[in-house]
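# Structural features, examined
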Amino acid sequence: MTTDVGRSEAPGGAVGWVETRLHLGPFLNALLHVPIPRNAKTFYLGGITLFLFGIQVVTGTLLALYYSPTPDAAYESVLSITSDVSFGWLIRSVHHWAANLMILFLALHVLRIFVQAAYKYPRELTWLVGGGLLLITIGFGFTGYLLPWDQRAYWATVVGTEIAGGVPVIGPALLLLLRGGAEVSEATLGRFFGIHVLVLPLLLAGLLGLHLLFVHQQGLANPKYPEPRPGRPAPARPPERLKPFFPDYILDEVIAWYAVLAALVILASLFPAGLEPKADPLVTPEHIKPEWYFLAVYQLLKVVPETVGVVAPVALVLVIVVLPLFDRGEEVLPRRRPIAIACAVLLLVALAVLTFYGAQV
Amino acid sequence: MRTLRPFLLPALVAIGSLLVVSMAAAGTPADDSAGPSRVFEVSQATPTPEVPLETAPPLPTPIAHRGDATSTGCVDCHAKVDARQAGIADEWQASIHAREGVGCADCHGGDPTSDEITVGMAQAGGFQGVPDREDTVGLCGGCHASAERMRPYQVATDQYSKYFSSVHGQRLLVAKDDRVAICTDCHCSHGVKPASDPTAAVYPLNVPGLCASCHADASKMQPYGIPTDQFDLYELSIHGVQLLEEQDLRAPTCASCHGSHAAKPPRSDEVVDVCGSCHTATQALYEESAHSRLEGVGPKCWTCHGTHDVSEPNESLFLHEGGVPDYLCATCHSPTDQSLRLEMDRFEDPADRRCDTCHHTRSLIYSQVEAIAGAVGGARDAYDTALLRIDDAAALGMIVADADVAAQEAMTELIKARAAVHTTKLTTISALTDATVVKAGEAEALANAKLADSDFRRQAMVVVIALIALNVLVLISLRRRLHAQG
């Protein structure tokens, strides 16, 4: 069933034609034919996030063909995409929902890695790069939110950039840098568009390549046993049962992608991306709410002083990113890491409560 | 003596007349008991009293004194007397008078440059103490009626003469009734603020409450026999809601219709102009109507809309629901000569403000009223139906901007049609209601297209999900075969 492109006798047809010229067989073999622990439970979360990023690249490129990043034309171009362009509503709605699902699956992926302690030796760098990917993805959400240039987009960005302006010491400079001026204006839209379609995709693609390379080099973590450390005797454990990454794991992953695609189609069809009235800097809406993934920070800012509300989430993200540097214990089973798991549960409950109250009018 | 005789009688008559006039102007007890009670007694049946005007008395000369507003002799001492006096000093210091150099001595006289009570408050030095209520108006007018004095501030200088044309001013002047509102009752004595200051009692948002502080007080209004429910009615009216709840400064306050300094209920023949000062286009339409041609006896704005309790007009104003009550002929006609007599008190109950209160079902005009009500009601129904369809489409997540625009155009036509009702001309109204129906139809068609598009999306979704499910089944079968091969 498997196609061993590394065999000495090259296959015929187009594949053989390419193989005789490029000799990609050994490279693809090294890439695909890696054994993974049979008990590795990834729940395909990282792969789904990657799939959703692919969807975003495709739909985002299509949207960019019609989108005009100026305050005069942005809203009308989005209206035209949604109302006039054939299947424009579908492309925009899929882009909208895939963005939300990407954040969701990325968060679940991070949670899975944390619970299985897969950030520990030797995968600290993979986690660190993953932290960068998380920040970039949030950056995608923040910059993309402004682009429709409707009331919700405009005022959420006004509030969001004001929150960034509350960062101690660098706040005012950061606010100016984000907005490109004192107010959310044409300059803001221009730079958000540039960052959204050029800077962040390049950054994400680079870090993603690095992330996948690390995963490939280290293989998937075994959630039951820690990796043997150099210079220490390897603990006794039963022989590891393995399964091939290709095609077994890939096949399951593709089935998961199909499920997510089905969810995207249903969400885009039943709940298409909407559009509020065009942005009006002179009319502040009664209720301004950010996207669901910023609701916890939004609510926190209501109940604590601004500096605390801004510094606490930034500090939390930094702590999470550098977690492997101070959590050096060897234990990987959750029941043997009660403090770490309790902290995570506490954090999740706090986020859920803040998000719930933030969603209330 | 013989040579004087021809002049004696005319001279006596002239002297007698002068005495009568001067007694009236001075408000003798005889005048107070007869004239004002006859002239000012206001009942619900005669809501627009005709007040005989006495012209404003001559302006007094502003008080001359030493020093100016920077002279702190008065405040230095009075701020230390007690909390009340300290409060007065604070109020004045926060006032526009303090900012513009109007000090204590400008109203109270005396010498503000001195810290000695025997000097600063010496009557010989011009100290006048607290002015009585009758003198206060003249005291304020001394500056505020002076074009020269007010020129830098670009404010009107007619408040003094207007005040004495008001019911308040006339009572003060003719009846010597000092319970009526004077300048300081509305503007404060010491804490005078400009009307543009939101904390001022005369700021538009605060005006209804200010007027109600006296006019909603039954004990204060009892001597005058006038109702005290105006604020309660106004508060619930469309004007009151717009002003007090929505904080919309375009909405009328009491002063917008009654005047502020010249406060007086508008006369029946003034009402159309008073309402028309804001509802300009509606007034123009009304003046084209058969109602307007009836002039004094015809229905006015208040006949259908009320006075203090103006509610948002709608189609219910045309006809009584469930049949017309048995109205007496005297509702609209004089019992003596059957002439038309539409008086305000006959339409106090909002339920009576209907076209068929006057145009009874057997009248010739009733069928025209029915046709107008049908045309406007039909247009509103068409608009409502379009809105429902747009809401349906929006609830399904469809973008309905174009349908919204068409609906707004329909609403514009409907507003014009509703306004045109004031012309009482069926053809004019029908043209506009027809335009409403057309625009509403366009909006509904656009909304229906969105709904159809939404249906298509859902059907397509089912097909795509089925294809995905098929692919997944193929992959699962492939997976099983892989596992079977080991």
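The structure contained in this document is the topic of the report that follows. (Residues numbered from 1 in each chain as written. Chains lettered and ligands numbered in written order. Predicted model: local features only at pLDDT ≥ 70, side-chain atom pairs only at ≥ 80, totals over all residues. Heavy atoms only, no water.)

## Comments concerning the nonpolar core
All names here are of chain A. Membership of the largest hydrophobic core comes to 23 residues, with the highest contact counts inside it found for L52, L101, F105, L204, V260 and L264. Taken together, the elements giving at least two residues each to this core come down to helix 3 (45-66), helix 5 (88-115), helix 6 (124-146), helix 9 (186-218) and helix 10 (245-270). Once residues lying within four places of it in the same chain are set aside, the contact partners of L264 are L52, I55, V94, W97, A98 and L101. (Core = buried A, V, L, I, M, F, W, Y, C linked by side-chain atoms within 4.5 Å. Buried < 20%, exposed > 50% of the residue type's maximum accessible area, 1.4 Å probe, protein only. Helix = DSSP H or I, 4+ residues; strand = E, 2+ residues; numbered from the N terminus. Contact = heavy atoms within 4.5 Å.)

## A few points about the state of the cysteines
Residues and elements named next belong to chain B. Enumeration over the complete set of coordinates arrives at zero disulfides over all chains. Free cysteine C183: the closest other cysteine sulfur is in C140, separated by 3.9 Å. C183 sits in the partly exposed class, given a relative accessible area of 21%. (Disulfide = S-S within 2.5 Å.)

## Some points on the pattern of salt bridges
Once the charged atoms of two side chains with opposite charge are near each other, the side chains can pair. Residue and element names in this part refer to chain B. The final tally for this structure, using the stated rule, is 32 salt bridges over all chains. Residue E315 is joined to R380 by a salt bridge in which the shortest nitrogen-to-oxygen separation is 3.2 Å. Placement of the pair is E315 in the loop between helix 21 (301-305) and helix 22 (355-358) and R380 in helix 23 (residues 364-395), with a sequence separation of 65 residues. The class of E315 is buried, set by a relative accessible area of 12%. Taking relative accessible area as the criterion, R380 reaches 26% and is therefore assigned partly exposed. A single salt-bridge network, built from bridges that share partners, covers E315, R380, D381, D384 and R418. (Salt bridge = Lys/Arg side-chain N within 4 Å of Asp/Glu carboxyl O.)

## As for the interface of chain B and chain A
Contact with chain B, which involves 19 residues of that partner, is made by 23 residues of chain A. Summed over both sides, the interface between chain B and chain A buries roughly 2000 Å², with carbon and sulfur atoms accounting for 76% of that surface. For the pair chain B and chain A, the number of links is one salt bridge. Where R479 of chain B meets D252 of chain A, a salt bridge forms, and the shortest distance between an N and an O atom there is 2.2 Å. Where chain B touches chain A, the interface holds two residue pairs in polar contact (both at pLDDT 80 or more). Looking at which element gives the most residues to the side of chain B that touches chain A, the answer is helix 25 (residues 426-485) of chain B, with 15 residues. (Buried area = accessible area lost by both parts, 1.4 Å probe. Polar contact = N/O pair within 3.5 Å; in protein donor to acceptor, adjacent residues only side chain to side chain.)

## Quick notes on the environment of L200 of chain A
All names here are of chain A. For L200, the location among the structural elements is in helix 9. On the basis of relative accessibility, which here comes to 10%, the residue L200 falls in the buried class. Taking the C-alpha atoms as reference, L200 lies 30 Å from L270; in sequence the two are 70 residues apart. Once you skip the residues sitting within four places of it in the chain, L200 turns out to touch I136, G139, F140, T143 and I195.

## Thoughts on unusual backbone geometry
Y121 of chain A connects to P122 of chain A through a cis peptide bond whose omega is 5 degrees. Residue P247 of chain A is bonded to the preceding F246 of chain A through a cis peptide linkage, with omega at 5 degrees. The backbone of F43 of chain A shows a phi angle near 55 degrees, a positive value even though the residue is not glycine. With respect to the helices and strands, F43 of chain A occurs in the loop between strand 1 (35-37) and helix 3. Its identity is not glycine, yet Q338 of chain B carries a phi of approximately 65 degrees, on the positive side. A residue is classified by how much of its surface remains accessible, and Q338 of chain B, at 48% relative accessible area, is partly exposed.

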